[in-house]
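# Overview (structure and organization)
Here is what each chain is made of, one letter per residue.
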Amino acid sequence: MSEQRFLLKGGKVLGGAVTDLLISNGRIEAMSPSFSDESSTVIDLKGSVVLPGLVDLHTHLREPGREDSETVASASRAGAKGGFVALSAMANTSPVADTAGVVEQVYRLGQEAGFVDVFPIGAVTQGLQGEQLSEIGAMADSVARVRVFSDDGNCVFDPLVMRRALEYIKKFDGVIAQHAQEPRLTVGSQMNEGIISSKLGLKGWPAIAEEAIIARDVLLADHVQSRLHICHVTTAGGVEIIRWAKARGIQVTAEVTPHHLLLTDDLASSYDPVFKVNPPLRTTRDVMALRDALADGTIDIVATDHAPHTSETKDCEWAEASFGMIGLETALSIITKTMVETGLLDWSAVAQRMSIAPAEIGRYSNHGQNLAVGSPAHITVINPTKSWVVDRDLVLSKSRNTPYHGYELPGVVTHTFFGGQATMIDSKVIDKAVQ
């Protein structure tokens, strides 16, 4: 079957001028204020914003090992629904992605699914145990070409191991993505440490446990002149440390999740485990600091930390429930609500933080490019004038642990194009991408 051509008419590129885009042979063939092409499928995007395809640097796909909660294929479909064209698969699978064999398996599963590019993230240490370095070089040289390494879910807590990892990845311009959590300060922690944790009788997860690791690791990165990425920053103090490090010229980047830009620790008062997440929801002060940091560039990117769990591991008592929330299908709407509607970011800045910068950090050379003639046709379309109500029973993820069930959110993602293929049209994911 010959590849289908698409003419996207009437959309505003990055929220600016109305521009028609012609997609053919996997690339943007033409861009013009007004364009016609009788051989193309015409899609009316009046009132919509056209963005470069979204890139997620932090996704838990669960395969291999926990296919009951998510698979590469189901997460890929959920990603397409949310406007994503690239997902980064965290290493805390079973077996752990600490060898070339496992990362190549995940990479090929992504190719087979065909909705997004799946970029495996390799474990920093064997079995995520924090003791011996994993097969970092072999993963970097594998078919998956791994450039991001993380023990996410666990902190690389030993400073000597962290230093060695930072030194090793310099050979191929890699980056260590740190889950900043001092383990001895967070044993048995259930939520943010503060007034509410005291009232509820739940053991607190203090902000200093995150900030201490961030401070240590930016100094290590400076010492060895290597790249460091801080996962899911949640505290105002962490923001200030990162701001200081960047001012000093240290090679540090950082991410924030959509849920940490909106939700606060008072939601734990319901004892609903859907709000149990690691790192935990923090205070309103922290949320405002995170928004400001994302706006001014101290925090570089938005990453979902999409963490699916089965009902058996989530719908139970708070203390026994797993940490984590799903977020691929709601991410862009949450950013619309917290950052665009508040005037903190325009659409060009959203593209920078959800496409261009994450692709640059991960060294995903075929992603995160500006929409221009000749660029890969990775495209996300959102209609910011429309809203939708989140229904956990309608999500495409295999898991249902969304904290936004019943929320009315602004911005409807209507179309996703992955390498010129339509993976979603009119908010309906195409089971077999239209070519």
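One can find the structure itself at the top, above this paragraph.
Quick look at the structure, then. (Residues numbered from 1 in each chain as written. Predicted model: local features only at pLDDT ≥ 70, side-chain atom pairs only at ≥ 80, totals over all residues. Heavy atoms only, no water.)

The side chains of a regular strand alternate, residue by residue, between the two faces of the sheet. Where strand 2 (residues 12-13) meets strand 6 (residues 49-52), two bridges bridge the pair, whose relative direction is parallel. Bridging across to strand 6, lysine 12 finds its partner in valine 49. In this sheet, strand 17 (residues 379-389) lies alongside strand 6 in antiparallel orientation, the contact comprising four bridges. If you follow proline 52 over to strand 17, its bridge partner there is isoleucine 379. (Pairing = 2+ DSSP bridges. Helix = DSSP H or I, 4+ residues; strand = E, 2+ residues; numbered from the N terminus.)

Spatial strand order, 4-3-1-5: four strands in an open sheet with mixed pairing. A single partner strand is all that each edge strand has here, and the edge strands are strand 4 (27-32) and strand 5 (41-44). Here the average twist between neighbouring strands, direction ignored, is 20°. Taken together, the four bridges between strand 1 (residues 6-9) and strand 5 define a ladder with parallel strand orientation. (Axes fitted to C-alpha atoms, helices over the stretch in contact; angles between N-to-C directions.)

For the rest of this paragraph, the subject is the pattern of salt bridges. Evaluated as defined, the whole model comprises 16 salt bridges. Put simply, arginine 5 and glutamate 29 hold a salt bridge, and the shortest N to O gap is 3.4 Å. Of this pair, arginine 5 sits in the segment before strand 1 while glutamate 29 sits in strand 4, and the two are 24 residues apart along the sequence. Overall, the relative accessible area of 38% leaves glutamate 29 in the partly exposed class. Here arginine 5 and aspartate 37 are joined by a salt bridge, their closest N and O atoms 3.0 Å apart. Taken together, the residues arginine 5 in the segment before strand 1 and aspartate 37 in the loop between strand 4 and strand 5 connect sequence positions 32 residues apart. (Salt bridge = Lys/Arg side-chain N within 4 Å of Asp/Glu carboxyl O. Buried < 20%, exposed > 50% of the residue type's maximum accessible area, 1.4 Å probe, protein only.)

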